[in-house]
Amino acid sequence: MRVFFTGGSGKAGKWAIRHLQEQGHHVVNADRVPSGLECSELLIDLCDAGQVIGAMSQFTDFHELDAGTGVPTYDAVVHFAAVPRVMIGTDGECFRQNTLSTYNVIEAAVKLGIPKVIFASSETTYGVCFADGEIKPDFVPVDETHPTVPHDSYAMSKVCNEATARSFQARTGSDIYGLRINNVIEPHEYAEMFPAFVKDPALRRRNIFAYIDARDLGHMVDCCLKTDGLGYEVFNVANDDSSVGIPSDQVIAQFYQGVEVRGEMGANETFYANKKAKEMVGFAPQHGWRDLLA
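Rules of the game
Residues numbered from 1 in each chain as written. Predicted model: local features only at pLDDT ≥ 70, side-chain atom pairs only at ≥ 80, totals over all residues. Heavy atoms only, no water. Phe/Tyr/Trp six-rings, centres within 6.5 Å; stacked < 30°, edge-to-face > 60°. Helix = DSSP H or I, 4+ residues; strand = E, 2+ residues; numbered from the N terminus. Lys NZ or Arg CZ within 6 Å of the ring centre and 35° of its normal. Pairing = 2+ DSSP bridges. Axes fitted to C-alpha atoms, helices over the stretch in contact; angles between N-to-C directions. Contact = heavy atoms within 4.5 Å. Buried < 20%, exposed > 50% of the residue type's maximum accessible area, 1.4 Å probe, protein only. Polar contact = N/O pair within 3.5 Å; in protein donor to acceptor, adjacent residues only side chain to side chain. Right-handed = clockwise from strand over helix to strand, strands pointing away. Salt bridge = Lys/Arg side-chain N within 4 Å of Asp/Glu carboxyl O.

Visitor: Run through the packing of aromatic side chains, naming residues and quoting values.
Guide: Applying the stated criterion across every chain, the model contains 15 aromatic pairs. Ring plane angle 90° and centroid distance 6.2 Å describe the contact between Y190 and Y211, whose orientation is recorded as edge-to-face. Pair noted here: Y190 is in helix α5 (residues 189-199) and Y211 is in the loop between α5 and β9 (212-213), with a separation of 21 residues, a long-range link. Feature note: the residues Y190, F194, F197, Y211 and W289 constitute an aromatic cluster, connected by ring pairs. In this structure, R2 is placed above the aromatic ring of Y74, and the distance from its NZ or CZ to the ring centre is 4.0 Å.

As structure tokens, this is what we get:
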């Protein structure tokens, strides 16, 4: 597939693009800064609607000129670009950039007839991650039916983006899938970060004790590219296991007293349910911190 990918110069985007290239997709990265990857790139401001629709409808490399058949079209858009969290700049600017860029990207995609959009939503939509103080989930494991009522500008922007995507899908009938991505971990970060998580599980409370390996996130994007006809859907994206060394019953006893536990949980099962992604698009994560730190 020919894929227009925004935010490929970021942490998660680089891994996703490499994985998609390994699966044979042709990826064009649209970002403010170069990625350093071996792919076609367009440096644009996604908050400028004209630049976005222009980038999606122009040549991207010299080899595309040789056929003499006009500008090639895209099969899908993957939108990862965003201000990645609060407390980088002002709250209002985080909200503005994230909502405006997402509107521009989805609007351009559907008006150009691109049949599929996959966009990055977030674990933060559930209101736990960037809460002032502690907010516990209504129930665990947290699945896609959990309320999304966050208090911070980043998570608010992601909830708004989901509403934007759902509305565009209702109007156009395109496939638009949102990925509620958990804390992205690169392979080298296991040795750097996880010993501390094993020693102090409380460090993972705001991430609902979950994580997603950057390589498995790329796999999830590919699964969505290969799955047609779902309309509008959102998916939690996390690995199968938790990110702490204590078993599930101890996590519940220490951190989730009084919280409804839906169903029996495995000893190290994720508290950020990924069942929907497995059942609907074939998500099958292969990596994990226990493989490297056992």
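Visitor: Can you break down the sheet that holds strand β1 (residues 2-6) residue by residue, with the values?
Guide: In space, the seven strands of this open sheet follow the order β3-β2-β1-β4-β5-β7-β10, with parallel pairing throughout. Looking along the sheet, the strands with just one partner apiece sit at the ends: β3 (40-43) and β10 (232-237). If you compare each strand with its neighbour and ignore which way they point, the axes differ by 20° on average. Pairing analysis gives seven bridges linking strand β5 (residues 116-122) to strand β7 (residues 175-181), with the strands arranged parallel. Residue pairing across strands places F119 opposite G178, the latter belonging to β7. With respect to the sheet, helix α4 (residues 153-172) is in contact with β5, β7 and β10, its orientation differing from that of β5 by roughly 160°.

Visitor: Talk me through the environment of T227; I want residue IDs and the actual numbers.
Guide: Mapped onto the elements, T227 comes out in the loop between α6 (214-225) and β10. Given the relative accessible area of 15%, T227 is considered buried. For the pair T227 and G282, spaced 55 residues apart in the sequence, the C-alpha separation amounts to 8.6 Å. Those residues within four positions of T227 in sequence are excluded, and the remaining contacts are K116, D175, Y177, M280 and V281. Engagement of the side chain of T227 in a polar contact is seen with the backbone oxygen of C223, the distance being 2.8 Å.

Visitor: Lay out the pairing of β5 in plain terms, naming residues and giving numbers.
Guide: When you tally the buried positions in β5, you get seven out of seven residues, the bulk of the element. Side chains K116, I118, A120 and S122 of β5 all project onto a buried face; the interleaved residues V117, F119 and S121 project onto the opposite face, where all are buried too. Handedness of the crossover is the feature at issue here: the chain leaves strand β4 (residues 76-79), passes through helix α3 (residues 91-111), returns alongside β5, and the resulting connection is right-handed.

Visitor: Explain the pattern of salt bridges residue by residue, including any values.
Guide: One pass over the full model with this rule turns up 14 salt bridges. With a shortest N-O distance of 2.8 Å, E64 and R2 are connected by a salt bridge. Of this pair, E64 sits in the loop between α2 (49-56) and β4 while R2 is found in strand β1, placing the two residues 62 residues apart along the sequence. As far as burial versus exposure is concerned, E64 and R2 are alike and both buried. Here K111 ties to E107 by a salt bridge, and the two come within 3.0 Å at their closest N and O atoms. With K111 and E107 both in helix α3, this residue pair falls four residues apart, about one helical turn.

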